[in-house]
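Below, each chain spelled out in residue letters.
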Amino acid sequence: MIDLQRLHDFNHAKQAEHDLRLSYLSDLLSRRGIDAQDVIRQLVQFQVAIPSWALGTGGTRFGRFPLGGEPRNLEEKIQDIGLLNQLNGSSNSISLHIPWDIPSDVAAIQQRLQEQQLVIDSVNSNTFQDQKEQAYSYKFGSLCHTEQGVREQAIQHNIECVRYGEQLGAKTHTVWLADGSNFPGQQHFRRAYQRTQESLAAIYEALPSDWTMLIEYKPYEPNFYSMIIPDWGTSYSLCQQLGQQAQVLVDLGHHLPNTNIEQIVGRLLHFGRLGGFHFNGSMYGDDDLTTGSMKPFQLFLIFNELVDGAQDLAVNNPAVAYMIDASHNTKDPLEDLLQSVDNILGAYAKALLVDRPTLAELQQNNDVVRAEELLRDAFLTDVRPLVQEAYRQAGGALDPISAYRTATVREQLIQQRGKLSLSTGL
């Protein structure tokens, strides 16, 4: 954690310029009938979970280049996320990945979470890798496998994940399957789907009544001919069969190039089945780059749909669970996560500026140009003063990355944990 006085001094040095920029933008928005403080209030309330596996350097297909000072256990991961939340006030929850994050001492972990003012948001299962102690291999699938023993092993692993989550106060279980095939004729599509549905039903039956199961989809990788759950429609169909506690999870990187993700978001909101959202950036596929680094306008359009759904009384969708799901190959992971949160809040702020009654009128009248210009105007607005003020009001830094570097956090972590420390997980 950064010393509070040091954080105060850092903000004080930037306060005058910040106040000037915020005052100008607030006046500009007021002329449009927008209350800047109302936007800031909503930004302060927005929280996005940090996954435990994103705190270390991610591996490329050919190697991994550790930065040093990476968290070696769950306790140190909690420490790092507590630091992120101290800097931006928007990252107060953690997503765990089992078996990497099995708590050895539940009471101690609970105390550590309380000290850092954090909560466990969700747990994630891992049936895309074989663990040393497991009896069966997932080489040819897990929940879809032709052998009942393999399926039962994967089912029990998912149920164990839920039990660990219960101990730590989580309410969400995320299932992503690497199941699929690499060659034509390898797998019977309909039977594999049916086995998957039955396996998910067994997990769903063990789910506590106040929990949500998120079912993630992905069109390819690690299998390149077919995936068991390749698209939102397949995930939606499984949710429909399971029940209301099952919801679709959208990952920004899990789409083929040029997919209209914002339309998928709008459609799932209409169905009341959008349960979770994993943020990252994508250039070619599931690149897991910094959120908003490649397609910022797309990110804004997605938030435009999310805000529209949240403000529409006709939409009956549960609260969406937000999480960053990124891989940091060349950046400091903590700096990358701070950048992602900043871009997420910026896109959210811009979506809150959209004049929705006017947009609805333009859409009704098929005024294509003015409707597009209305969205572009919101997107091109420099909302950084609003985001920075949200950080400040949440007790964070006006410029989280600069504060992080000024406090020489990475150097201190390397001194504490070592230059060769590696984070557990991917």
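Note that the structure is a prediction, hence the values are computed from the model and not measured.

The biggest cluster of nonpolar side chains holds 112 residues, and the ones touching the most others in it are F277, F303 and L386. With 11 residues, the top contributor of residues to this core is helix 10 (residues 333-352). Residues contacting L386, with those up to four places away along its chain left out, are L22, L25, L29, A36, V39, I40 and L43.

Bringing the UniProt feature "domain: Xylose isomerase-like TIM barrel" (unreviewed entry) in the protein into the picture now. UniProt records the feature "domain: Xylose isomerase-like TIM barrel" (unreviewed entry) for residues 103-287 in the present numbering. From the first C-alpha to the last, residues 103-287 spans 30 Å; its make-up is 38% helix and 17% strand.

Next up on the list: the packing of helix 6 (residues 189-205) against helix 7 (residues 232-242). Where helix 6 meets helix 7, the closest approach of the two axes is 10 Å, and the angle between their N-to-C directions is 50°. Classified by the interaxial angle, the pair formed by helix 6 and helix 7 is oblique. Along this stretch, helix 6 crosses helix 7, giving a crossing that reads as right-handed. For the pair formed by helix 6 and helix 7, the contact residues are Y193, Q197, L200, A201 and Y204 on the first element and T234, S237, L238, Q241 and L242 on the second. Residue composition of the contact of helix 6 with helix 7, by class: six nonpolar, four polar and no charged.

All right, on to unusual backbone geometry then. Cis geometry marks the peptide bond from I98 to P99, where omega comes out at 20°. Unlike most non-glycine residues, N366 shows phi in positive territory, near 55°. Examined against the element boundaries, N366 turns out to sit in the loop between helix 11 (356-364) and helix 12 (368-379). Phi at T408 is positive, roughly 50°, even though this residue is not glycine. Note that T408 resides in the loop between helix 14 (400-406) and helix 15 (409-417).

In this description, a pair of aromatic rings is defined by centroid distance and the angle of the planes. In total, this model carries 17 aromatic pairs according to the counting rule given. Where F128 meets W176, the ring centres are 5.4 Å apart and the plane angle is 55°; that geometry is what we call tilted. Of this pair, F128 sits in the loop between strand 3 (119-124) and helix 5 (148-167) while W176 sits in the loop between strand 4 (172-175) and strand 5 (180-181), placing them 48 residues apart in sequence. Look at Y220 and F224: their rings are 6.1 Å apart centre to centre, the planes differ by 35°, and that puts the pair in the tilted class. For F224, a relative accessible area of 53% corresponds to the exposed category. Across from the ring centre of F379, 4.6 Å away, lies the NZ or CZ of K350, which sits over that ring.

Thresholds, definitions, all that
Residues numbered from 1 in each chain as written. Predicted model: local features only at pLDDT ≥ 70, side-chain atom pairs only at ≥ 80, totals over all residues. Heavy atoms only, no water. Core = buried A, V, L, I, M, F, W, Y, C linked by side-chain atoms within 4.5 Å. Buried < 20%, exposed > 50% of the residue type's maximum accessible area, 1.4 Å probe, protein only. Helix = DSSP H or I, 4+ residues; strand = E, 2+ residues; numbered from the N terminus. Contact = heavy atoms within 4.5 Å. UniProt positions renumbered as here; feature names shortened; annotations may be inferred. Axes fitted to C-alpha atoms, helices over the stretch in contact; angles between N-to-C directions. Parallel < 35°, antiparallel > 145°, perpendicular 65-115°, else oblique. Left-handed = near helix turned anticlockwise from the far one by under 90°. Nonpolar A, V, L, I, M, F, W, Y, C, P; charged D, E, K, R; others polar. Phe/Tyr/Trp six-rings, centres within 6.5 Å; stacked < 30°, edge-to-face > 60°. Lys NZ or Arg CZ within 6 Å of the ring centre and 35° of its normal.

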